Amino acid sequence: MGALTYREAGRQAVIAEMTLDQSVWCLGEDLGRGGVFGQYAGLEAQFGADRICSAPISEAAIMGAAVGAAMAGARPIVEMRFADFALCAVDELVNQAAKARYMFGGQSKVPLTVREPMGMWRSSAAQHSQSLEAWYAHIPGLVVAAPATAQDNYTLLRSSIRIDDPVVYMEHKHLWDFEGDVDQGAADFEYGPEQFGKAHVALEGDACTIVAWSAQVHVALEAAKSLAAEGVHAEVINLRTLWPWDKAAVACSVAKTGRLVVTHEAVGVGGFGGEIVATIAEKHFDKLQRPPVRLTAPRIPISYAPELENQVRVSAEQIAAGVRALA
Amino acid sequence: MNQGNLDTTRLIERRRLMLRIRAFEEAAIRAADQKLVLGAIHPSVGQEAVAAGVCAPLRKDDLLLSTHRGHGHTLAKGADARAMMRELFGREGGNCGGKGGSMHIADFDVGMLGANGVVGANINIAAGAAHAIKLRGGDQITVCIFGDGAVNRGPFLEGLNWAAAFKLPVLFVCEDNGYASTTKSSVVTGGGDLAARAEALGVPTASVDGNDVMAVEETAHRLGEAIRAGGGPRFLHARTYRLLGHTSVDPAKYRPEGEADGKWDDDPIQRATELLTGAGIPEADLAADATAAETEMQAAFDEAAAADWPAVRTAYDDVQDVGAIAAPQGL
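Residues numbered from 1 in each chain as written. Chains lettered and ligands numbered in written order. Predicted model: local features only at pLDDT ≥ 70, side-chain atom pairs only at ≥ 80, totals over all residues.

A. Spotlight on the overall build of chain A. Check the secondary structure of chain A and you find 12 helices and 14 strands. The C-alpha radius of gyration computed for chain A amounts to 19 Å, which stays within 12% of the reference 20 Å derived for 327 residues, consistent with globular compactness. Projected onto its principal axes, the C-alpha positions of chain A cover 60 × 45 × 40 Å. (Helix = DSSP H or I, 4+ residues; strand = E, 2+ residues; numbered from the N terminus. Rg over C-alpha atoms; globule rule 2.2 N^0.38 Å.)

And the structure:
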């Protein structure tokens, strides 16, 4: 156990799996110099330029090549730099990677991990800031992970590389330097399918359930801290993965608190918060003592100027106010 | 047996394969007309020489990526016609369990990694399969067949550049039938010769009469051996003609009056027949090969028509390992 940054935890996860399995292959733009955010620093020297493949700026080819390589026996880790750029490779991910196993009647699986750094990062504007996790959760065949902590990033990335499904792996750009204790000593078998659809209770409480993932977990914790000072103890659930998602953990918490707030950085319309709220309302309506609440971005693009950009941020103050309103 | 420069033994074999492809397509069209094949099918009638010349000489462990018009390629790579016909019919025992149909036909056991419903999408996938081969080592090659419509899609640029940059073992084959769906390709394509695009991306090219099965085979084999020897990707431009419409229900009335009539004289099977007749092969033998192909495919048709539908619960199988939903109770 030791403190690592979220970035370094991801890097260590890749090193661990590449060391264990020769078929793991990284491909993406600028990997030779360590990746845009340093997530691959030193890996080319360690594993060679064949296995740490610096690609041309060809997102469709990167993703498509990963699909072909996965069907031919490799286990690619695809780097998309920004989740926004992955939109240049939607056919390759949605029509090909997600469907190949099914369309071909199970003749081939497509084991690949697509790293799509997501979310707001000061003044990056509309094409470098989006949170599009709900799109991928909608697509049969895909697994969607959104780690919030350094430990999540280590455990979920190793697990994503290991499973035989295509995983959309969405790290948050604002979290790269966040530090946290990371236990790298778990037995090998603990990295795998059981890590998905398993939420963590980031903070226990009985007044209200706050469900979040990715960077918004930290905002929710900040809100919970200020509420605690008022004697209101909210429970914060870090969902970790969106498909599959831990319905039981959310339902169990709501059974205790009777209140549900879901918060995410993505636009609210068609966002994954709607799926969570709808599921709890359909299956556990009797547990809700108040109407569920979504605290999400308005349906406007993300701006450059800080004051405009802040219009799409859901702040800790807004979350705290949302919880107070359910008292 | 060699007659002059003609290897008649090989031509007889390739003609048999072309006859099987033709008979398969004709059986599939009959089945579509009878509403036994429900989804769209894209017959390759007239284009059989490309499938037979490119795919038949490949090794079983070579990989092949094909298109929505992929029945011929798949048969030529060695797939079982009966399983393919069942797949078109959507029946149990189809290559893909009835989940893919004509446009997603695949047979991984013979290295056929799938037809594709998206034009040009197979190009990047083929580059990646070749990349995996290169990383692993060995002398397998990957063959990627696409049409003239695909050269106007982005993956053509990205995938050929990728293969050239990483010197990958892949043969790109443009099976140029003159039509991008229902639009004449020349009307919507800039520049001159399609092969020039590949040359510009650093992929050496060759062009061939795509209705001359022996020429296709010789050229594809020569390119394939250069690739196998570590020479990086190659591009083969094979000019042919789609004798029928885009799909089995397309009468292709958009073609200029009389255009197709003249092309039937250039039918690759007819050309092979004439060559063999000229070389002294008895017409009765050649007719017997045609009958054998039709008999085989009619049997595949009959077997598919009599086959069961897939169990409904299989709709829930093979979606994913993690996060798969359960089939409803009772299925």
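B. Just the overall build of chain B, in detail. Per the secondary structure count, chain B includes 11 helices and nine strands. For 331 residues, the compact-globule formula gives about 20 Å, and the C-alpha radius of gyration of chain B, at 20 Å, lands near that figure. When its C-alpha atoms are laid out on the principal axes, chain B stretches across 65 × 50 × 40 Å. The burial tally for chain B puts 53% of its 331 residues in the buried class. (Buried ≥ 20, exposed ≤ 12 C-beta atoms within 10 Å, placed from the backbone.)

C. Focus on the sheet that holds strand β6 (residues 143-145) of chain A. Residues and elements named next belong to chain A. Ordered by their spatial adjacency, seven strands build an open sheet running β3-β2-β4-β5-β7-β6-β12, and the pairing between neighbours is mixed. At either margin of the open sheet sits one strand with a lone partner, and together these are β3 (52-55) and β12 (241-243). For this sheet, the mean angle separating the axes of adjacent strands, direction not counted, is 20 degrees. Direction of pairing for strand β5 (residues 113-115) relative to strand β7 (residues 167-169): parallel, over a ladder of three bridges. (Pairing = 2+ DSSP bridges. Axes fitted to C-alpha atoms, helices over the stretch in contact; angles between N-to-C directions.)

D. Structural context of the pairing of strand β2 (residues 24-29) of chain A. Residues and elements named next belong to chain A. Counting buried positions over the six residues of β2 gives five, a clear majority of the element. Looking at chain direction, β2 and strand β4 (residues 75-79) are connected through five bridges and run parallel. Bridge pairing in β4 places L27 opposite V78. Both β2 and β3 contribute to a ladder of four bridges, which runs parallel. Within β3, the residue paired with E29 across the bridge is A55.

E. Layout of the packing of helix α1 (residues 8-33) of chain B against helix α10 (residues 268-278) of chain B. Residues and elements named next belong to chain B. Their axes nearest at 10 Å, the elements α1 and α10 cross at an angle of 150 degrees. When the interaxial angle is binned, α1 and α10 end up roughly antiparallel. Remark: the crossing between α1 and α10 carries left-handed chirality. Touching T8, L11, I12, R14, R15, M18, L19 and R22 of α1 are P268, I269, A272, T273, L275 and L276, all from α10. (Parallel < 35°, antiparallel > 145°, perpendicular 65-115°, else oblique. Left-handed = near helix turned anticlockwise from the far one by under 90°. Contact = placed C-beta atoms within 7 Å.)

F. Broad picture of the interface of chain B and chain A. In this assembly, 38 residues from chain B lie in contact with 40 residues from chain A. Among the secondary structure elements, those contributing two or more residues to the side of chain B that touches chain A are α5 (121-136) and α6 (154-165) of chain B. It is α5 of chain B that provides the largest number of residues to the side of chain B that touches chain A, a total of 12 residues. Residues of the side of chain B that touches chain A, tallied by class, amount to 19 nonpolar, 13 polar and six charged. (Nonpolar A, V, L, I, M, F, W, Y, C, P; charged D, E, K, R; others polar.)

G. Region of interest: α5 of chain B. Residue and element names in this part refer to chain B. With 16 residues, α5 should reach 22 Å at 1.5 Å per residue; the first-to-last C-alpha distance of 24 Å fits that figure. Counted residue by residue, α5 has 14 buried out of 16 residues, so it is predominantly covered. G137, located one to two residues past α5, shows a positive phi value of around 90 degrees. (Expected span 1.5 Å × (residues − 1).)

H. Quick look at helix α8 (residues 216-229) of chain A. Residue and element names in this part refer to chain A. The end-to-end C-alpha distance of α8 is 20 Å, a good match for the 20 Å that 14 residues give at a rise of 1.5 Å each. Of the positions making up α8, those classed as buried are Q216, V217, H218, V219, A220, A223, A224 and L227. Contact partners of the buried residues in α8: β9 (200-203), β10 (208-212), β11 (234-238), β13 (260-267) and α12 (316-324). Positioned one or two residues after α8, G231 has a phi angle of 85 degrees, which is positive.

I. Representation of unusual backbone geometry within the structure. Residue P244 of chain A follows W243 of chain A across a cis peptide bond; omega there is -5 degrees. Note on placement: P244 of chain A falls in the loop between β12 and α9 (247-257). In this structure, K35 of chain B takes a positive phi of about 60 degrees despite not being glycine. Take K35 of chain B: it is sitting in the loop between α1 and α2 (48-55). For K35 of chain B, a count of 7 C-beta atoms within 10 Å corresponds to the exposed category.

J. Representation of the nonpolar core in the model. With 205 residues, the main nonpolar core has I210 of chain A together with A129, V170 and V173 of chain B as its most contacted residues. Among the elements that line this core, the one with the most residues is α1 of chain B, at 11 residues. When near neighbours in sequence (up to four residues on either side) are disregarded, I210 of chain A contacts A220, A224, A234, E235, V236, I237, V261, T263, I319 and V323 of chain A. (Core = buried A, V, L, I, M, F, W, Y, C linked by C-beta atoms within 7 Å.)

K. Focus on the environment of A32 of chain B. Within the fold, A32 of chain B resides in helix α1. Expressed as a C-alpha distance, the spacing of A32 of chain B and N177 of chain B, which sit 145 residues apart in the sequence, is 22 Å.

L. Looking closely at the packing of α8 of chain A against α12 of chain A. Residue and element names in this part refer to chain A. One can describe the packing of α8 onto α12 by two numbers: an axis separation of 8 Å at closest approach and a directional angle of 55 degrees. Taken together, α8 and α12 sit at an angle that is classed as oblique. With respect to the hand of their crossing, α8 and α12 are arranged in right-handed fashion. Each of V219, A220, E222, A223, S226 and L227 in α8 lies in contact with α12, whose residues at this interface are A316, I319, A320 and V323.

M. Geometry of the environment of D176 of chain B. Residue and element names in this part refer to chain B. Take D176: it is sitting in strand β5 (residues 170-176). The exposure class assigned to D176 is buried, which follows from the 24 C-beta atoms found within 10 Å. Residues D176 and G210, spaced 34 residues apart in sequence, show a C-alpha to C-alpha distance of 8.2 Å. Not counting residues up to four positions away in its chain, the partners in contact with D176 are D148, L194, G210, H237, A238, R239 and T240.

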